[in-house]
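# Fold and geometry: a report
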Number of protein chains: 2
Amino acid sequence: MSTQRKYWGWGYEDHKIDAKALKKTISFLCQALNVENKIAQHPLPIEEIELREPRFQLNNTISMICSHDRYDRLSHTYGKSTSDIVKGLRGEFPNPPDYVAFPKSESDLQKLITFAEENTLSLIPYGGGSSVVGGVEPTKSTRYKGTISVDMKHFDQLLEVDETSRCARFQAGVYGPALDAALKPYNLTLRHFPQSYEFSTLGGWIATRAGGHYATLYTHIDDLLESVRIVTPKGISETRRLPGSGAGPSEERIVLGSEGIFGFITEAWVRLQDSPKYKTTTTLLFKKYEDAVNATRKIAQSGLFPSNCRLVDSLESFSMGLGDGNSSVLLLGFESASCPVNDKLNQAISLCDEFNPKQIQDKDQQTSEDANSWKQSFLQAPYLRDELLQMHILAETFETAITWDKFDAFNKRIKSEVQKCILDTCGSGFITCRFTHVYPDGPAPYYTVVAKTEAGKEIEQWQKIKDVASNIIIEMGATITHHHAVGKDHRPYYEQQRSPFLTNILTASKDRLDPKGILNPGVLISERDE
Amino acid sequence: MSTQRKYWGWGYEDHKIDAKALKKTISFLCQALNVENKIAQHPLPIEEIELREPRFQLNNTISMICSHDRYDRLSHTYGKSTSDIVKGLRGEFPNPPDYVAFPKSESDLQKLITFAEENTLSLIPYGGGSSVVGGVEPTKSTRYKGTISVDMKHFDQLLEVDETSRCARFQAGVYGPALDAALKPYNLTLRHFPQSYEFSTLGGWIATRAGGHYATLYTHIDDLLESVRIVTPKGISETRRLPGSGAGPSEERIVLGSEGIFGFITEAWVRLQDSPKYKTTTTLLFKKYEDAVNATRKIAQSGLFPSNCRLVDSLESFSMGLGDGNSSVLLLGFESASCPVNDKLNQAISLCDEFNPKQIQDKDQQTSEDANSWKQSFLQAPYLRDELLQMHILAETFETAITWDKFDAFNKRIKSEVQKCILDTCGSGFITCRFTHVYPDGPAPYYTVVAKTEAGKEIEQWQKIKDVASNIIIEMGATITHHHAVGKDHRPYYEQQRSPFLTNILTASKDRLDPKGILNPGVLISERDE
């Protein structure tokens, strides 16, 4: 298999979707939307794409670590949102980075910072490039003479393991699979599996507050980060390795979610776990969605902390061939490295008794297939989106978190208004919901929109739907993002959500740490000249 | 019983220590240090204390909410550290606040801010006044014409309960017992019990990142805070109620630990829990401390999350009459509101098998007495310190957190160098250790120093010991405080611990939010003219 990644979309160039469930999903969607099950749009050969010449010259100090190779520049022009993929498929790359840097040391980063400050350039800290919110795109501001995208891929080493405290120090450019491979000899795992896992980096996870795959407890990178090292225009800082501290506001929590506007994350100590030895899962089917939500809430508030507690609504279950296709499906699982977990599962199930769910037994073939399908689907889903877009089917998601008291009204309104917008805008399509994470005080619902698109209008069509959803999110007290970050795309909504207190903190800190505003302009906070 | 609190020390004026264990402790200490078991020093009658006149006049707008009553000013001059108590007992109050304000509304706070800005005064956000780090003391800087201590006690209401999400909105001046009493009708609890519980407030807990009584998981106020409201010189902000969010750096985590330098915390939504129904405890005795530490670490890394996991070293156990007086004692407990916890206890115990501890059975009289003694002692300990100081016995603590890999060397060095300093400085005394909290990556050790002091030299004697400990803490990679905050006293060490990154964030944010520097000057970061 080629290890060359697509310049225009997710993952490797010649990857073929092999998850059975996803193939079923494609067939189902094509039939439901009356679209031919065949790739209709292919990307241009890379040499045919129009590409602007670099707008400035490098100096000798940094030219050795910078590339103006066509593939490098094209593949660093966009993240991986629907509009990114569509533009990529169309061959539209009007605002590429002028160069892509591949620094190998903190000293390289400092040289890039100096050069950018002296020449009024913007620098984009680039991890795996999996942003779906415009987090790695060059600024369009004319204030800057150009942009260098700074790919951290050479910062890929495991530097130190502390087996006693179960922690490891990694360079921040390490990708998910390489991180786990490096830990394998120690029988330890970070146990952090965002959907982007294969093509995202530790530094990217930290900068964007990545959510892991697990439903409760230690799943967000926020909780797994012990200390962090960052190169800013004002120097290099490293926070102290501490299991806990009450000394001032948490330093790590300010780096977490900073999306590259303060500096480059170069290293981190992360908290590891023993690999789970005990696992158990089950599937519960509920006739009424309301019952399923209440049961899920009871489990979320029980202190049992399931590793999986994924409530999938009936339409999404149906479209994925999960359960009986007619019920809301709760995928429930427990894991532990030290103790059997069957009792926990039984306790969780008994909390649902009053809602009388149908349990599909553990050993039932259906369930193991469900569980396997789910895992395959989870990691291959981003490939699916590319392929569907090539068939002119929009398959995009938005996600949030909201307290339990507001969820019912919120969910009904989102589903009804987004469904209406889908029909008005696209003619056919639907919206579904699952919970990715559950907290004692609320769920993190994850919505999938599938719709037939009109060639040439995909971006505007999706934007209309996304705007309807985003406005409801802000209006009804949810968050504009639970684990996809803010970037440039969510910023107008984030600015309504963010308190004036934090706006003052972020802008004052930005002025102090990056006085020339060279780092990732337009992300998270407004650019100087806006 | 009087509800008048001591102007010079902890709690109510006529409180008598009634915990049997503490009485035993007093006898033991007097004997061990060869000190007479009798109060030797009494506070002065309040009217005999020399008190400077207020250095400025109030205007009509705020005079109605301000007091210059002798008791109010004296009782707001200090926090509750050893040096605070000693100065109080001596009747030394050279730098009292000029007034104490008792605002009733956010508008009152804004009037105070305006008055302070116009007249170059400092304002001290004052919760319960339980700071042991100089967090509520007036500045000595001549830059200010005076100080108003702003007591938040009228902000004491429960405003809203969301039973579905199990959250409540409180005004931030509410004290621990009042907060729990207000929640009782809902069968909900915050389950946050810092040792200061009786005389500290929700707003104080947030400002100082209070640690709760429980050993693992949701015990710190950091994790229990859902949203917060703050009045700053630049306006009022309220963060959004969210169970989780990935939109930018966490707003709450910047308020947490800000120690009043950015504004007054006026309200907060907190995450509640059902009251535990299932509880079980046991006591394990280990002959070797090293074994006890390793066993505790295994439990901390097991994912079992005990509510109590308090490893008490043999000397502290002996001085408290715990266990057999000759072993390290691990007090282990589990609690749950939804499920039996006996299995968890058994699993935790079996993790210790290889170290062959002696278990004192649950139903053994000794243990229940131990558990009760412990609770009584825990809440009454601050009273004990006052009484011992009145007998010229120093009984003070310092605390930290450190990763497991470093703990052994750290603990040995701290114990040996502090013990040496105690003997050099005081002639007789000792140091003991217990863990207050345990994390997968390290413990939070809490050290108690007991020593005979010389009348008139108590402060200098303690300061020498504290400096030895603080220097080792900083040098060996621990934190200057795990749950006592920074204040003015820890600041010189905190400045060595804090990364330049956070220094820039804090000072830039301070300049932006409080440009005249009126809020709690000298706490956390240096004053303008330093």
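Before going into details, it helps to say that this report is about the structure given with it. (Residues numbered from 1 in each chain as written. Chains lettered and ligands numbered in written order. Predicted model: local features only at pLDDT ≥ 70, side-chain atom pairs only at ≥ 80, totals over all residues. Heavy atoms only, no water.)

## Some thoughts on the nonpolar core
Put simply, the rule is: Residue types Ala, Val, Leu, Ile, Met, Phe, Trp, Tyr and Cys, when buried and joined through side-chain atoms within 4.5 Å, form a set referred to as a nonpolar core. Under the scheme applied here, a residue whose accessible area is under 20% of the maximum for its type counts as buried, over 50% as exposed, and between as partly exposed, the area being computed with a 1.4 Å probe on protein chains only. Whether two residues are in contact is decided by their heavy atoms: any pair within 4.5 Å suffices.
Ranked by internal contacts, the top residues of the largest apolar core, which has 176 residues, are A:Leu202, A:Phe398, A:Ile414, B:Leu202, B:Phe398 and B:Ile414. Not counting residues within four places of it along the chain, the set of residues in contact with A:Phe398 comprises A:Ile414, A:Val418, A:Ile431, A:Pro445, A:Tyr446, A:Tyr447, A:Val449, A:Trp462, A:Lys466, A:Ala469 and A:Ile473.

## Details of the interface of chain B and chain A
We apply this condition: A pairing counts as a salt bridge when a side-chain nitrogen of Lys or Arg comes within 4 Å of a carboxyl oxygen of Asp or Glu. Pairs of N or O atoms within 3.5 Å make up the polar contacts considered here, provided that, within protein, one atom can donate a hydrogen while the other can accept it, and that residues adjacent in sequence are counted only when both atoms are side-chain atoms. The helix and strand labels rest on DSSP assignments: H or I over at least four residues marks a helix, E over at least two residues marks a strand, and numbering proceeds from the N terminus. In the scheme used here, Gly and all other residues not listed as nonpolar or charged are polar, with Ala, Val, Leu, Ile, Met, Phe, Trp, Tyr, Cys and Pro taken as nonpolar and Asp, Glu, Lys and Arg as charged.
The interface is formed by 88 residues belonging to chain B together with 88 residues belonging to chain A. One can count six salt bridges joining chain B with chain A. For A:Asp405, the salt bridge goes to B:Arg241, with nearest N and O atoms at 3.7 Å. Linking chain B with chain A are 38 residue pairs in polar contact (both at pLDDT 80 or more). Take the side of chain B that touches chain A: its biggest share by element is twelve residues, from helix H17 (residues 500–513) of chain B. Here the side of chain B that touches chain A is composed, by residue class, of 38 nonpolar, 30 polar and 20 charged.

## Re the packing of helix H17 (residues 500–513) of chain A against H17(B)
As a reminder of what qualifies: Only the contacting stretch of a helix is used when fitting its axis, a line to C-alpha atoms as for every element, and angles between N-to-C directions run 0 to 180 degrees. Each angle gets one of four labels, with under 35 degrees taken as roughly parallel, over 145 as roughly antiparallel, 65 to 115 as roughly perpendicular, and the rest as oblique. Two helices cross in a left-handed way if the nearer one is turned anticlockwise from the farther one by less than a right angle. They cross in a right-handed way if the turn is clockwise.
Between H17(A) and H17(B), whose axes approach to 8 Å, the crossing angle comes to 120°. In terms of axis orientation, H17(A) runs oblique to H17(B). As for how H17(A) packs across H17(B), the hand of that crossing is right-handed. Taking contact as the criterion, the partners of A:Phe501, A:Asn504, A:Ile505, A:Thr507, A:Ala508, A:Ser509, A:Asp511, A:Arg512 and A:Leu513 in H17(A) are, on H17(B), B:Phe501, B:Asn504, B:Ile505, B:Thr507, B:Ala508, B:Ser509, B:Asp511, B:Arg512 and B:Leu513. Residue composition of the contact of H17(A) with H17(B), grouped by class: eight nonpolar, six polar and four charged.

## Quick notes on the packing of aromatic side chains
The test is simple: Ring pairs are drawn from Phe, Tyr and Trp, using the six-membered ring of Trp, whenever the two centres fall within 6.5 Å, and their geometry is named by plane angle: stacked under 30 degrees, edge-to-face over 60, tilted for the rest.
This structure, assessed with the given rule, holds 30 aromatic pairs over all chains. Here the aromatic rings of A:Tyr12 and A:Phe199 are separated by 5.2 Å at their centres, their planes lie at 75°, and the arrangement is edge-to-face. In this pair, A:Tyr12 sits in the segment before helix H1 (20–33) while A:Phe199 sits in the loop between strand S7 (188–189) and helix H7 (202–208), placing the two residues 187 residues apart along the sequence. We classify A:Tyr12 as buried; its relative accessible area is 19%. Arranged with centres 6.4 Å apart and planes meeting at 45°, the rings of B:Phe56 and B:Phe115 form a pair that is tilted. Of this pair, B:Phe56 sits in the loop between helix H1 (20–33) and helix H2 (60–63) while B:Phe115 sits in helix H5 (residues 106–119), placing them 59 residues apart in sequence. B:Phe56 sits in the buried class, given a relative accessible area of 9%. Taken together, the aromatic side chains of A:Tyr7, A:Tyr78 and A:Phe93 make up a single cluster linked through ring pairs.

## Here's the deal with the packing of helix H10 (residues 289–300) of chain B against helix H14 (residues 404–426) of chain B
A pair of packed helices can be characterised by two numbers: the angle between their axes and the separation between those axes. Residues and elements named next belong to chain B. Close contact between H10 and H14 brings their axes to 12 Å; oriented N to C, the two are set at 155°. It follows from the interaxial angle that H10 and H14 lie roughly antiparallel. For H10 against H14, the interelement crossing comes out right-handed. Residues Tyr-289, Val-293, Thr-296, Arg-297 and Ala-300 of H10 pack against Trp-404, Phe-407 and Asn-411 of H14. Along the lines of polarity and charge, the residues of the contact of H10 with H14 split into five nonpolar, two polar and one charged.

## Here's the deal with the environment of B:Arg253
By the secondary structure assignment, B:Arg253 is in helix H9 (residues 252–255). Residue classification places B:Arg253 among the buried positions, given a relative accessible area of 14%. For the pair B:Arg253 and B:Arg209, spaced 44 residues apart in sequence, the C-alpha separation works out to 9.4 Å. Residue contacts for B:Arg253: discarding those within four places in its chain leaves A:Pro249, A:Ser250, A:Arg253, B:Asp222 and B:Asp223. At a separation of 3.1 Å, a polar atom in the side chain of B:Arg253 contacts the side chain of B:Asp223.

## Re the sheet that holds strand S10 (residues 264–271) of chain B
All names here are of chain B. Where we set the bar: Two strands form a pair only when DSSP identifies at least two bridges running between them.
Strand order in the open sheet formed by five strands is S5-S6-S10-S8-S9, with antiparallel pairing between adjacent strands. Single-partner strands in this sheet number two, and they are strand S5 (158–162) and strand S9 (235–238). Ignoring strand direction, the axes of neighbouring strands in this sheet form an average angle of 10°. The pairing of strand S8 (residues 225–232) with S10 spans six bridges and is classified as antiparallel.

## A look at the sheet that holds strand S3 (residues 121–126) of chain A
Residues and elements named next belong to chain A. Ordered by their spatial adjacency, four strands build an open sheet running S1-S2-S4-S3, and the pairing between neighbours is mixed. One side of each edge strand has no neighbouring strand; the edge strands of this open sheet are strand S1 (66–67) and S3. The pairing of strand S2 (residues 99–101) with strand S4 (residues 146–151) spans three bridges and is parallel. From the neighbouring strand, Tyr-99 faces S4, where its bridge partner is Ile-148.

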